[in-house]
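# Descriptive structure summary
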Amino acid sequence: MAQLPRPSRAARLAAAVATAAALAVLGAGPAVSAVGDPTVTDPRFLAHFTGQGRTPENIALEPDGSADITFAFAHQVARVAKNGETTVLAELPAVANPDTPVGAAIALGIARAHDGTLYVAYATGQASTHGIWRIAPGGRTAERLVALPVDTFPNGMAIDKECDTLYVADSSRGAVWSVALNTGDPAPKATVWTSGDALEPTPELPFGANGLKVHNGAVWVSNTAQGTLLRIPFGPGPDRAAGPVEKRATGLGAIDDFAFTGHGDTVLAALIQANALELVRPDGSHTPVLTAADGLDNPTSVAVHAKTVYVNSAAYFNTTDPDPNLLLARISKNKL
């Protein structure tokens, strides 16, 4: 989830995730590698991040392979070039008296539109700043586009390019919000696209719906508290209403963000507490492909571009030798 501006902010989140990880009811352990699985090899660091709050939370990729990332507690959006050079693109406003489940204002999900516009989820708990922010192509300032209720926790986001709609996972309310981006309204409204038990947090862990992707006619969502990967198909008709939730994988522990390895339904999932990148197959079986030994330190998000896997590590819970970083690896995709 979601180095903090330490220590109490980290303590809330760490304790909650550790509690959830201790619950053995989430299912059996990961499966062994299968013939035809994509392979993830040659992990290497692209960048290490220093400075207060520069904890990489989410990631969106540029066409050239540069990575746009959110620094959660520095409230910044930065671009990491292919040579590792990091440039801050924009800063979100500082907030007095933030009121969020992590005890601080936090920059979370990021999504990139085809024209280069960046959308960023910013949870502050204050009515004037809480919601979805926009950075115009080539811009250096952020402006709030969508106000959300202050008791939401906007997290992973993705754009459905077929209808120019932004979908937002809400970790607190257990919902997915939708925002039409093509209306011309300078302040578009968010509406609840779907909600329900499968998306909700638990008493032990207050973070439900987390990562979100639009893929193969559906919105896919991870649930951190329940350790699940969900598929929510678009219904028939132009309104693209939410269909029934399909549970695609269980027993994933504290899953954060995820990404698809290609056109199929195979997923790479960031397991924040286990310090692992997990390969999740279409049948729901799963196995780790990268671990702490490869450099993962509380991984929060993952993206795939061509033959490269990108993994952000925020080092939220590492109190001895934290290493917030962006790691790259090589992926050889299954052609079976």
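Residues numbered from 1 in each chain as written. Predicted model: local features only at pLDDT ≥ 70, side-chain atom pairs only at ≥ 80, totals over all residues. Heavy atoms only, no water.

## Considerations on the overall build of the protein chain
A tally of helices and strands in the protein chain yields one helix and 24 strands. Within the structure as shown, the protein chain displays about 13200 Å² of accessible surface, and the carbon and sulfur contribution to it stands at 51%. (Helix = DSSP H or I, 4+ residues; strand = E, 2+ residues; numbered from the N terminus. Areas by Shrake-Rupley, 256 points an atom, 1.4 Å probe, with all protein chains shown as cover.)

## Notes on the environment of Val280
Note that Val280 resides in strand S20 (residues 276-280). Residue classification places Val280 among the buried positions, given a relative accessible area of 1%. Aside from chain neighbours lying at most four places away, what touches Val280 is Leu229, Ala249, Leu252, Asp265, Thr266, Val267, Ala269, Ser285 and His286. (Buried < 20%, exposed > 50% of the residue type's maximum accessible area, 1.4 Å probe, protein only. Contact = heavy atoms within 4.5 Å.)

## Some thoughts on unusual backbone geometry
With a phi angle near 55°, Ala306 is a residue other than glycine that sits in the positive phi range. Its location among the elements puts Ala306 in the loop between strand S22 (299-305) and strand S23 (308-313).

## Things to note about the packing of aromatic side chains
Under the defined criterion, the tally for this structure stands at 10 aromatic pairs. Taking 5.0 Å as the distance between ring centres and 75° as the angle between the ring planes, the aromatic pair formed by Phe49 and Phe71 counts as edge-to-face. Here Phe49, found in the loop between strand S1 (39-48) and strand S2 (56-61), pairs with Phe71, found in strand S3 (residues 67-71); they are 22 residues apart in sequence, far enough to count as distant. On the basis of relative accessibility, which here comes to 4%, the residue Phe49 falls in the buried class. (Phe/Tyr/Trp six-rings, centres within 6.5 Å; stacked < 30°, edge-to-face > 60°.)

## Re the nonpolar core
Membership of the largest hydrophobic core comes to 33 residues, with the highest contact counts inside it found for Ile106, Tyr119, Ile132, Met157, Leu166 and Tyr316. Only strand S6 (106-112), strand S7 (118-123), strand S9 (143-147), strand S10 (154-160), strand S11 (165-170) and strand S12 (175-180) provide two or more residues apiece to this core. Apart from the residues lying within four places of it in its own chain, the contact partners of Ile132 are Tyr119, Val120, Ala121, Glu143, Arg144, Leu145, Val146, Leu148, Pro154, Met157, Leu166 and Val168. (Core = buried A, V, L, I, M, F, W, Y, C linked by side-chain atoms within 4.5 Å.)

## Quick word on the pattern of salt bridges
Summed over the entire model, instances satisfying the criterion amount to 12 salt bridges. In this structure, Arg240 engages Asp160 in a salt bridge whose closest nitrogen and oxygen atoms are separated by 2.9 Å. Taken together, the positions of Arg240 in the loop between strand S16 (228-233) and strand S17 (246-249) and Asp160 in strand S10 put the pair 80 residues apart, joining distant regions of the chain. Residue Arg240 shares its accessibility class with Asp160, and that shared class is buried. Salt-bridge contacts for Glu246 lead to Arg248; the nearest nitrogen and oxygen are separated by 3.5 Å. According to the relative accessible area criterion, Arg248 is partly exposed, its value standing at 25%. Where salt bridges share partners, they join Glu62, Asp68, Arg79 and Arg112 into one cluster. (Salt bridge = Lys/Arg side-chain N within 4 Å of Asp/Glu carboxyl O.)

## Topic: the sheet that holds S16
Judged by pairing direction, the sheet is antiparallel, and its four strands sit side by side in the order S14-S15-S16-S17 without closing on themselves. Either end of the sheet is taken by a strand with one partner, and the two such strands are strand S14 (209-215) and S17. Sheet twist, expressed as the mean angle between neighbouring strand axes with direction ignored, is 30°. One ladder, built from six bridges, connects strand S15 (residues 218-223) with S16; its direction is antiparallel. Among the inter-strand pairings, Trp220 is bridged to a residue of S16, identified as Arg231. (Pairing = 2+ DSSP bridges. Axes fitted to C-alpha atoms, helices over the stretch in contact; angles between N-to-C directions.)

## Focus: the sheet that holds strand S21 (residues 286-290)
For sheets, the rule is that strands pair by backbone hydrogen bonds, running either parallel or antiparallel. In space, the four strands of this open sheet follow the order S18-S19-S20-S21, with antiparallel pairing throughout. Each having just a single partner strand, strand S18 (255-260) and S21 make up the two edges of the open sheet. Strand-to-strand twist of the sheet, defined as the mean angle between neighbouring strand axes without regard to direction, takes the value 30°. Strand direction decides the pairing type here: strand S19 (residues 267-271) and S20, joined by five bridges, are antiparallel. Looking at S20, one finds that Ala270 is bridged to Leu277.

## Here we look at the environment of Asp170
Looking at the element boundaries, Asp170 is found in strand S11. If we skip the residues at most four places from it in the chain, Asp170 touches Thr152, Phe153, Ala175, Trp177 and Ala209. Within the structure, the side chain of Asp170 is placed 3.2 Å from the backbone nitrogen of Arg173, a separation counted as a polar contact. (Polar contact = N/O pair within 3.5 Å; in protein donor to acceptor, adjacent residues only side chain to side chain.)

## Re the side chain of Thr224
Positionally, Thr224 belongs in the loop between S15 and S16. Given the relative accessible area of 3%, Thr224 is considered buried. If we ignore the near neighbours within four places in the chain, the residues touching Thr224 are Leu205, Phe207, Gly208, Asn210, Gly253, Ala254, Ile255 and Asp256.

## So, the confidence of the model for the protein chain
This prediction gives the protein chain a mean pLDDT of 91; 89% of its residues lie at or above 70. Low confidence marks residues 1-9, where pLDDT is under 50. Its contacts with residues over four positions away, or in another chain, come to 38 contacts. (pLDDT = per-residue confidence, 0-100.)

## Some words on the environment of Asp239
On the secondary structure map, Asp239 appears in the loop between S16 and S17. With 76 residues separating them in the primary sequence, Asp239 and Cys163 have C-alpha atoms 9.4 Å apart.

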